[in-house]
Amino acid sequence: MSDMNPSPPAPRLVSAGMVDKWSHLLPGPERSAFVGACTEAGADDGRLQPILARYFSTWKTSLMDDDMSRLQMLATCVQIRDFVKVICLEDEYDEFEETSPSESSVIWPRHENGQVAAEAIGVGRLKTMLAAQQLHPDRLEIRDKRNYRVHSNPEIAANLARIILDGSDLAVTAFILRKESPMTTIIAAELSAEHQGQGKGFSILRKADLRLNQNLNSYWADQILLHAPALKELSLSFWQPRNISYTLPIIVDGIPWPALEKLELSTARLSAASIMTMLSNSKQSLTGISFHLMTLGNDSAWAELLSRIGNEFPHLTSFKLTNLSEGSTISFLDLDKDPVVIEPYKTGLKLVRRNPVGHPKRIPGVVYEGPNADHLLRIVAGCAVAVPR
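Reading the values: rules and limits
- Residues numbered from 1 in each chain as written.
- Predicted model: local features only at pLDDT ≥ 70, side-chain atom pairs only at ≥ 80, totals over all residues.
- Heavy atoms only, no water.
- Axes fitted to C-alpha atoms, helices over the stretch in contact; angles between N-to-C directions.
- Helix = DSSP H or I, 4+ residues; strand = E, 2+ residues; numbered from the N terminus.
- Parallel < 35°, antiparallel > 145°, perpendicular 65-115°, else oblique.
- Left-handed = near helix turned anticlockwise from the far one by under 90°.
- Contact = heavy atoms within 4.5 Å.
- Nonpolar A, V, L, I, M, F, W, Y, C, P; charged D, E, K, R; others polar.
- Expected span 1.5 Å × (residues − 1).
- Buried < 20%, exposed > 50% of the residue type's maximum accessible area, 1.4 Å probe, protein only.
- Arc of directions from axis to C-beta.
- Phe/Tyr/Trp six-rings, centres within 6.5 Å; stacked < 30°, edge-to-face > 60°.
- Lys NZ or Arg CZ within 6 Å of the ring centre and 35° of its normal.

A.B. asks: What is the right way to look at the packing of helix 11 (residues 302-312) against helix 13 (residues 373-382) in this model?
C.D. replies: The relative placement of two packed helices comes down to the angle between their axes together with the axis-to-axis distance. Running from N to C, helix 11 and helix 13 cross one another at 165°; their axes reach a closest spacing of 8 Å. If you check the angle between helix 11 and helix 13, you find them roughly antiparallel. Handedness of the helix 11/helix 13 crossing: left-handed. Seen from helix 11, the contacting residues are Ala303, Leu306, Ser307, Ile309, Gly310 and Asn311; seen from helix 13, they are Asp374, Leu377, Arg378 and Ala381. Residue classes in the contact of helix 11 with helix 13 are distributed as 5 nonpolar, 3 polar and 2 charged.

A.B. asks: Help me understand helix 2 (residues 28-41), please; the structure alone is not making it clear to me.
C.D. replies: The end-to-end C-alpha separation of helix 2 is 21 Å, in line with the 20 Å expected for 14 residues at 1.5 Å each. All buried positions along helix 2 are accounted for by Phe34, Ala37, Cys38 and Ala41. Looking down the long axis of helix 2, one finds its buried residues gathered within 95° of arc, a one-sided arrangement. Of the residues in helix 2, the exposed ones pointing more than 90 degrees away from the buried face are Pro29, Ser32, Thr39 and Glu40. Contact partners of the buried residues in helix 2: helix 1 (16-23) and helix 3 (45-56). Once helix 2 ends, the next one or two residues include Gly42, with phi positive near 85°.

A.B. asks: Explain the packing of aromatic side chains here, please?
C.D. replies: In this description, an aromatic ring pair is defined by two values, namely the gap between the centres and the angle between the planes. In this structure the tally under the stated criterion is 10 aromatic pairs. Centre to centre, the rings of Phe175 and Phe202 are 6.1 Å apart; their planes meet at 70°, and the pair counts as edge-to-face. With a gap of 27 residues between them, Phe175 in strand 4 (residues 172-181) and Phe202 in the loop between strand 5 (184-191) and strand 6 (207-212) connect regions that are remote in the sequence. Here Tyr219 and Trp220 contribute two aromatic rings whose centre-to-centre distance is 4.9 Å and whose plane-to-plane angle is 85°, an arrangement assigned as edge-to-face. Under the relative-accessibility criterion, Tyr219 is labelled partly exposed at 25%. Relative accessible area serves as the criterion here: at 3%, Trp220 is assigned to the buried category. In this structure, Arg162 is placed above the aromatic ring of Tyr219, and the distance from its NZ or CZ to the ring centre is 3.9 Å. Above the ring of Trp239, the side-chain terminus of Lys179 is found at 4.9 Å from the ring centroid.

Below, the structure written as structure tokens:
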């Protein structure tokens, strides 16, 4: 009689020689700890899986020298390469170091305008690995680090990402270009491994967080706004180079703005008309709106703009208003004068109160998530008052 409950297959055993081979994929300082962890786990492949994930899931590389050699070995190591979920590109530049880097530091070469000299490091080889699907990362991240004398320029920093994405045949589902600090820019692409190699590019992109150089006439704005038909969540912030003392205009006309579900705008000066242009195709789709450190220009008023958004976007479920201005700072202090009006929204409502010494009490921020957000926004709009700084 045959056995109705056969024993599970015997676990695959991993030799000490194989573990030693894998250890040489890692940076020198990590090798002995890796071998020790594997030895403690024994030769059982199942017990080694979490150890391999811990050491290989996030792969940091400068694409130079020993880093590049180990990445090439990793790409051909079938047993290990699929553990890599995040590829993080960065050099050893210390943004807080006031002296020149040491000779042993691995520092990216740069052109005169500050762009990383991609042709001088292993960018071409990384693109070949990605295009050949030897690596299937869920996220590709670049950390561009400068110092206090030379602040990182987001769009110059992002040129390295542009070169890598162009020709690697990746499928980008979310894209981030933002400043982590004045000296460091983070560029990250969330990827769909299942769509890799299918020519998707930005066509399935749903979320973008962009910090742009005070205008929308840029490569990334073009890619996101013109070549990402699936885009639903957009966060835009703007910065201005220190050597420009005047405020550059942000031109929003002539752009086919997508039907968004969420829009976040921060650190910019825009007119109410420009903001409504951005929202022109989102009246039936918008569920969330956020304004932070925003100034309205061209004699626009926040009370009028917020009221209009509350009237024209019936599907709102959340809004966030913080540190707004129209020449003078906006306060929503009247929300405290009649608590009965906002009582139905109390569960999802947060008021940011400020009571600085020697200055009037203010409410510079209102955050809400919940039902009837459009109605509450109209109430909030009626309480928006410009107060002296």
